[in-house]
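# Descriptive analysis of the structure
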There are 2 protein chains.
Amino acid sequence: MKVARHLVEARRERLADLLRQHRYLPLHDVCTQFGISEATARRDLAALSDEKKVTRTYGGALADYNATFASFAERRNLSREAKRKIAARAIALLRPGMTCYLDAGTTMLALAETLRQRPVTPLTIVTNNLLVAETLAELPGIEVHLLGGLLLRRQSVLLGEQAKKSAAAWRFDLVFLGAEGMDAEGITNSQEDVVEFQKTVAGRSKRTALCLDAAKLVHQAAAFLFPWKQVDLLLTDASPAVLRCHGIAAKLV
Amino acid sequence: MKVARHLVEARRERLADLLRQHRYLPLHDVCTQFGISEATARRDLAALSDEKKVTRTYGGALADYNATFASFAERRNLSREAKRKIAARAIALLRPGMTCYLDAGTTMLALAETLRQRPVTPLTIVTNNLLVAETLAELPGIEVHLLGGLLLRRQSVLLGEQAKKSAAAWRFDLVFLGAEGMDAEGITNSQEDVVEFQKTVAGRSKRTALCLDAAKLVHQAAAFLFPWKQVDLLLTDASPAVLRCHGIAAKLV
DNA sequence: TTTTATATGATTGACTTTAATCATATAACT
DNA sequence: AGTTATATGATTAAAGTCAATCATATAAAA
């Protein structure tokens, strides 16, 4: 029998939350948990799936990171190949004993994932990127330090005064930074506070490596980060020829 | 035909890693990815499942947090009811506008999960517990600050000098601490550095609430944390009578 | 109140997944 | 080299899951 609309939506919200807690639920558990038939459970999951809050699997459903790390997860699959290429080059720069900083962003997560598969040890990694930290933690020989700060969930990153202060306590051999745009002038990023933070970190390091995939070439973001002469290394999947024709001259790796 | 043992194990490790990246894989994808039959894929997943590295689902498998937050996840289901009870009492102590610290440990995670479902706002939460931070982040009206420090993955927690320094920058209205044991003398915990840290945090707060489930009653851990008189509030599922007969006299909530 | 729209559970048949068994090739052991 | 142990894929029957359809009760709209 039909049930009031608001009750349905409330149930679906509770379902999304339950799913978030369990990370995965078989269809049957959904039925018993809410005392509904399989058909309704299926319809509920289908609805949540349409809203991209969960992912259906054969026999159940998965909580979506999308629900939590929304924009982050979306971009994650973008130009994946490019990110992998950049990550491989970045890792070639690592030497045992180094202390490195890994920036926010999906490119850095790709770097961390690659590093996880082909570790360089010993290494001290400092980051404000929660997913990077979780990816690298527990690898033997790699010490992970997370900077403190205000948690911005959408980007899964820590920022704010406290983060800047934490960063100031370090000396890095090499910092890897990501950004949103690059052109003949230099590097740009979308948020002022992110740029602030990146400058702080770069100031504490011997060398600074910028990681940008070719898709960032045309794009110009709001906040100016660096002119090219402050960039020690550029890691990109764009060819030298393409870079030249955009008027970019940087030390490629 | 039989294949060398080391190849099997290598494949299973790669599978675990692949799964970790994808969070979920349908059985069929495992087959195509490694070019193996369903039977073998099933056996591989079963093996990883025995090692608690993945969780089998109907039609596929899930990456386990167990693989990463091993001991943490195991304890998570222990005395769940007790933790929920404690969490409910803890949340009753919260008032809009407060700045609170949430400690490491599964009890605090339960608290965070409960808070997520029945939010008190506005609230500033400071923690060194990654799972707590992720649980609470993005809730409207709740600001989450993560302390910096060395990431101890097994406990999913941040510690070390840096963490202590970060904590020293705060003033709390109320801190919630967990511990491993309690007796007539006071509260004990298992690790010296954790205790150190807890003392630092408690020193920065107006009030200190200790959260311990009844299972901790007999247990006595290595490092001494507090005598009872330094505990402002005791949140526990143990009855007053039981506490008395263990010689514990604290302000119950 | 009457009418319309819809949320639900039951039923069905098609399709998938599973666990168990087996033959075989080959790794590991003696 | 000869023997044993086992990792593999194929086959099967049983169980589970799914999408579609339908009758019904009731919420929402008129």
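Structural data are supplied above this passage.
Our subject in this report is the structure included herewith. (Residues numbered from 1 in each chain as written. Chains lettered and ligands numbered in written order. Predicted model: local features only at pLDDT ≥ 70, side-chain atom pairs only at ≥ 80, totals over all residues. Heavy atoms only, no water.)

### Some details on the packing of helix 1 (residues 5-22) of chain A against helix 2 (residues 27-34) of chain A
Residue and element names in this part refer to chain A. So the rule is basically this: In this analysis, axes come from line fits to C-alpha atoms, helices being fitted only over the stretch in contact, and the angle between any two N-to-C directions falls in the range 0 to 180 degrees. Each helix is a run of DSSP H or I of at least 4 residues and each strand a run of E of at least 2, with the numbering of both proceeding from the N terminus. Working rule for angles: under 35 degrees goes down as roughly parallel, over 145 as roughly antiparallel, 65 to 115 as roughly perpendicular, anything else as oblique. The crossing is said to be left-handed when, going from far helix to near helix, the turn is anticlockwise and less than a right angle, and right-handed when the turn is clockwise. Contacts are assigned to residue pairs with any non-hydrogen atoms lying within 4.5 Å of each other.
Close contact between helix 1 and helix 2 brings their axes to 12 Å; oriented N to C, the two are set at 130°. By the angle class used here, helix 1 and helix 2 are oblique. Relative to helix 2, helix 1 is oriented so that their crossing is right-handed. Residue-level inspection shows Arg11, Arg14, Leu15 and Leu18 of helix 1 in contact with helix 2, the latter providing Val30, Gln33 and Phe34.

### So, the relation of the copies chain B and chain A
Formally: We place the copies in one frame by least squares, fitting the C-alpha atoms of every residue whose pLDDT is at least 70 in both.
When chain B is fitted to chain A, the best match, at an RMSD of 0.4 Å, comes from turning it 180° and sliding it 0.0 Å along the axis. In symmetry terms, the pair is related by a two-fold rotation axis. Of every C-alpha in chain B, the one belonging to B:Gly148 sits nearest the axis of rotation, 1.7 Å from it. The overlap is high: 97% of the interface residues of chain B also sit at the interface in chain A, so the same surface is used on both sides.

### Considering the sheet that holds strand 4 (residues 99-102) of chain B
Here is the rule we go by: We treat two strands as partners when DSSP finds at least two bridges between them.
Pairing within the open sheet is mixed, and its eight strands lie in the order 8(A)-7(A)-6(B)-5(B)-4(B)-9(B)-12(B)-14(B). Edge positions in the sheet fall to strand 8 (157-159) of chain A together with strand 14 (233-235) of chain B, since each has one partner strand and no second. On average, each strand axis in the sheet is tilted by 30° relative to the strand beside it, whichever way the strands run. Set on the sheet, helix 6 (residues 106-117) of chain B makes contact with strand 4, strand 5 (123-127), strand 6 (142-146), strand 9 (172-178) and strand 12 (205-211) of chain B; between it and strand 9 of chain B the angle comes to about 130°. The strands touched by helix 9 (residues 192-203) of chain B are strand 4, strand 9 and strand 12 of chain B; relative to strand 9 of chain B, the strand with the most contacts, the crossing angle is about 155°.

### Details of the interface of chain B and chain A
Threshold: Summed over both partners, the accessible area (1.4 Å probe) lost when two parts come together is defined as the buried area. Any carboxyl oxygen of Asp or Glu within 4 Å of a side-chain nitrogen of Lys or Arg constitutes a salt bridge here.
Counting from both sides, the interface comprises 38 residues of chain B and, opposite them, 37 residues of chain A. For the pair chain B and chain A, the two sides together bury roughly 3600 Å², of which 49% comes from carbon and sulfur. Our count for the chain B to chain A interface comes out at two salt bridges. A salt bridge links A:Asp17 to B:Arg116, with the shortest nitrogen-to-oxygen separation between them at 3.3 Å.

### Some details on empty space enclosed by the protein
Short version of the rule: Residues are called lining when one of their atoms sits within 4 Å of a cavity or pocket point, these points coming from a 1 Å grid over the protein atoms alone, where a cavity is a set in which a 1.4 Å probe fits but cannot get out and a pocket is an open set with protein on both sides within 12 Å along at least five of seven lines. Grid points are joined across faces, edges and corners, and a volume is the space filled by probe spheres set on the points. Amino acids outside the nonpolar list (Ala, Val, Leu, Ile, Met, Phe, Trp, Tyr, Cys, Pro) and the charged list (Asp, Glu, Lys, Arg) are all regarded as polar, and Gly is one of them.
Within the structure shown, the criterion is met by three cavities of 30 Å³ or more. Looking at the largest cavity, its volume works out to about 40 Å³. Within the residue set of the lining of the largest cavity, elements represented by two or more residues are helix 6 (106-117) of chain A together with helix 1 (5-22) of chain B. Partitioned by chemical class, the residues of the lining of the largest cavity number no nonpolar, two polar and four charged.

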